[in-house]
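# Descriptive structure summary
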Amino acid sequence: MLSVAEIMTAQPYTLGPDNSLLEAASLMREHHIRHVPIVAKDGNVIGLVSHRDVLAASDSRLVHEDLRTSGKESYVALSAVMTSPVQTVSEDAELRAVAGFLRKQRLGCLPVTRYGNLVGIITDSDFLEVAIALMEQLEVVEPDEDY
């Protein structure tokens, strides 16, 4: 049985609820990520901000029109745009069950916790990596068939 811990990204980039929308956008762009767990000072996951959340909030009334036209974004706290409460998963959860849950709930990721504290994140991209690795193994095992 494969567990979440075997494919998750350990120690993901995080921000706090008082960080800004602009900081989240910059972090996502710089590190090529689409999800940022929002953690409290004690390490507990209190929310999640996705790239889609950042785009939606950037186009909303949360950003003052006069600052948008000047090319500057006003301060918008992540606590105003984050998804909360957020679904989490234990690092020892069974991988197939988590994949089914993500698909059924139409989620792009789940923060991974141990005793309530963030230890990683598992995303749909992690499952794609597993699928690619499995297909590569199948190609090596199966001989090419000439027709």
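Residues numbered from 1 in each chain as written. Predicted model: local features only at pLDDT ≥ 70, side-chain atom pairs only at ≥ 80, totals over all residues. Heavy atoms only, no water.

### So, the environment of L78
- With respect to the element layout, L78 can be found in the loop between helix 3 (65–69) and strand 4 (89–90).
- Between the C-alpha atoms of L78 and V49, which are 29 residues apart in sequence, the distance is 7.5 Å.
- Apart from residues lying up to four places away in sequence, L78 is in contact with L15, G16, P17, N19, S20, L21, A24, I38 and V49. (Helix = DSSP H or I, 4+ residues; strand = E, 2+ residues; numbered from the N terminus. Contact = heavy atoms within 4.5 Å.)

### Side note on the sheet that holds strand 4
- Taken together, four strands build an open sheet; the order of strands is 1-6-5-4 and the sheet is mixed. Where the open sheet ends on each side, the last strands, each with one partner, are strand 1 (9–10) and strand 4.
- Judged from the two bridges that link them, strand 4 and strand 5 (residues 109–114) form a sheet pairing that is parallel. Its bridge partner being in strand 5, V89 is matched across the sheet by V112.
- The strands that helix 4 (residues 95–105) touches are strand 4, strand 5 and strand 6 (117–123); relative to strand 5, the one it contacts most, it runs at about 140 degrees. (Pairing = 2+ DSSP bridges. Axes fitted to C-alpha atoms, helices over the stretch in contact; angles between N-to-C directions.)

### What about the environment of D126?
- Here D126 shows up in helix 5 (residues 124–141).
- Accessibility expressed as a relative area gives 12% for D126, which makes it buried.
- With 122 residues separating them in the primary sequence, D126 and V4 have C-alpha atoms 9.9 Å apart.
- If near-sequence neighbours (up to four positions away) are discounted, D126 is found in contact with I7, M8, T9 and I121.
- At 2.8 Å, the side chain of D126 forms a polar contact with the backbone nitrogen of T123. (Buried < 20%, exposed > 50% of the residue type's maximum accessible area, 1.4 Å probe, protein only. Polar contact = N/O pair within 3.5 Å; in protein donor to acceptor, adjacent residues only side chain to side chain.)

### Describing the pattern of salt bridges
- Applying the stated criterion across every chain, the model contains two salt bridges.
- The closest approach of N and O atoms between R34 and D124, which form a salt bridge, is 2.6 Å. You can see R34 sitting in the loop between helix 1 (21–31) and strand 2 (35–39) and its partner D124 sitting in helix 5, a full 90 residues away along the chain.
- The class for R34 is partly exposed, based on a relative accessible area of 40%.
- Accessibility expressed as a relative area gives 30% for D124, which makes it partly exposed.
- E91 is paired through a salt bridge with R114; the nearest N and O atoms lie 2.4 Å apart. Taken together, the residues span a long stretch of sequence, with E91 in the loop between strand 4 and helix 4 and R114 in strand 5 at a distance of 23 residues.
- R114 gets classed as partly exposed once you look at its relative accessible area, which sits at 40%. (Salt bridge = Lys/Arg side-chain N within 4 Å of Asp/Glu carboxyl O.)

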